[in-house]
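Observations on the model geometry
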Amino acid sequence: PLLFGALISSIVSGIVSDIYGQQRKFLVYVSGTLMSICCILFGINRWFFIDIFVSLFFGFGFGIFSAIDWAMATDVLPNPHSYGRDMGYWNLSMTLPQVIGSPIVGYLIDIFRQFNYVRLGWLTIFAFCALNFVIGTSLVKKITHVK
């Protein structure tokens with residue numbers, strides 16, 4: 001469901017961005033809000049079926065973000081002679097936290113499991129993810145070269 005939602009929303013959001021004057025910031029706000037809400041729902045939910053439904057909506061947010069972030073990134077690159085290097089740094093800024101965060105999350109879940117609080121552990125991790133989506137989305141306001 002996540003990838004299906006991402007596929008649909010990435011196509012639609014690209015078209016919407018082009019039709020409505022490339023209002024990319026607004027689309028990033030929508031995607032960040034949607035993914036934040038879904039993270040909280042993942043953290044508090046107990047039923048797998050609902051997780052499948054929530055993952056579809058997370059996919060919608062992720063698809064919007066995936067379609068729009070590349071366009072925004074290329075709009076704000078400072079020097080045309082260093083686009084490759086700048087895009088490499090930008091890609092690293094998204095990949096490195098995933099590489100570092102995965103073992104940390106595993107370790108934290110193990111700690112919560114030792115005390116028999118696995119649900120609280122997952123809620124904490126998903127709440128932290130939601131907070132990061134909110135912070136990242138709010139930082140988009142500081143970009144001045146994009147609508």
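So, a few notes on the structure that sits alongside this text. Source: prediction; values computed, not measured. (Residues numbered from 1 in each chain as written. Predicted model: local features only at pLDDT ≥ 70, side-chain atom pairs only at ≥ 80, totals over all residues. Heavy atoms only, no water.)

Focus: the packing of helix 2 (residues 24–44) against helix 5 (residues 118–139)
- At a minimum axis distance of 8 Å, the contact between helix 2 and helix 5 shows a crossing angle of 170 degrees. Relative to helix 5, the element helix 2 lies roughly antiparallel. Mapping the contact onto sequence places Val-28, Tyr-29, Gly-32, Met-35, Ser-36, Cys-39, Ile-40, Phe-42, Gly-43 and Ile-44 in helix 2 and Arg-119, Trp-122, Leu-123, Phe-126, Ala-127, Cys-129, Ala-130, Phe-133, Val-134 and Thr-137 in helix 5.
- For the contact of helix 2 with helix 5, the per-class residue count stands at 15 nonpolar, 4 polar and 1 charged. (Axes fitted to C-alpha atoms, helices over the stretch in contact; angles between N-to-C directions. Helix = DSSP H or I, 4+ residues; strand = E, 2+ residues; numbered from the N terminus. Parallel < 35°, antiparallel > 145°, perpendicular 65-115°, else oblique. Contact = heavy atoms within 4.5 Å. Nonpolar A, V, L, I, M, F, W, Y, C, P; charged D, E, K, R; others polar.)

Focus: the packing of helix 4 (residues 83–114) against helix 5
- Contact pair helix 4 / helix 5: the axes reach a minimum separation of 7 Å and the direction vectors enclose 150 degrees. As the angle between them shows, helix 4 and helix 5 are arranged roughly antiparallel. In terms of crossing hand, the pair formed by helix 4 and helix 5 is right-handed. For the pair helix 4 and helix 5, contact is made by Val-105, Leu-108, Ile-109, Phe-112 and Arg-113 and by Val-118, Leu-120, Gly-121, Trp-122, Thr-124 and Ile-125, respectively.
- Tallied by class, the residues present in the contact of helix 4 with helix 5 amount to 8 nonpolar, 2 polar and 1 charged. (Left-handed = near helix turned anticlockwise from the far one by under 90°.)

Overview of helix 4
- Relative to the 46 Å expected for 32 residues at 1.5 Å per residue, helix 4 spans 47 Å between its end C-alpha atoms, a close match to the ideal helical length.
- At Gly-101, helix 4 shows its largest kink, close to 30 degrees, and the proline Pro-103 lies no more than four residues downstream.
- For helix 4, the complete set of buried residues consists of Asp-86, Met-87 and Ile-109.
- In this structure, the buried residues of helix 4 make contact with helix 3 (48–75) and helix 5.
- Backbone geometry just downstream of helix 4 places Asn-116 in the positive-phi region, at approximately 65 degrees. (Expected span 1.5 Å × (residues − 1). Bend = angle between axes of the 7 residues up to and from the residue. Buried < 20%, exposed > 50% of the residue type's maximum accessible area, 1.4 Å probe, protein only.)

Thoughts on the state of the cysteines
- With the rule as written, the count across this model stands at 0 disulfides.
- Looking at Cys-39, it has no disulfide partner, and the nearest cysteine sulfur is the one in Cys-129, 5.1 Å off. (Disulfide = S-S within 2.5 Å.)

Remarks on the pattern of salt bridges
- Summed over all chains, the structure comprises 2 salt bridges.
- With its nearest N and O atoms 3.2 Å apart, the salt bridge here joins Asp-86 to Arg-85.
- For Asp-86, a relative accessible area of 11% puts it in the buried group.
- Residue Asp-110 is joined to Arg-113 by a salt bridge in which the shortest nitrogen-to-oxygen separation is 3.4 Å. With Asp-110 and Arg-113 both in helix 4 and 3 residues apart, the pair spans about one turn of that helix.
- Owing to a relative accessible area of 42%, Asp-110 belongs among the partly exposed residues under this scheme. (Salt bridge = Lys/Arg side-chain N within 4 Å of Asp/Glu carboxyl O.)

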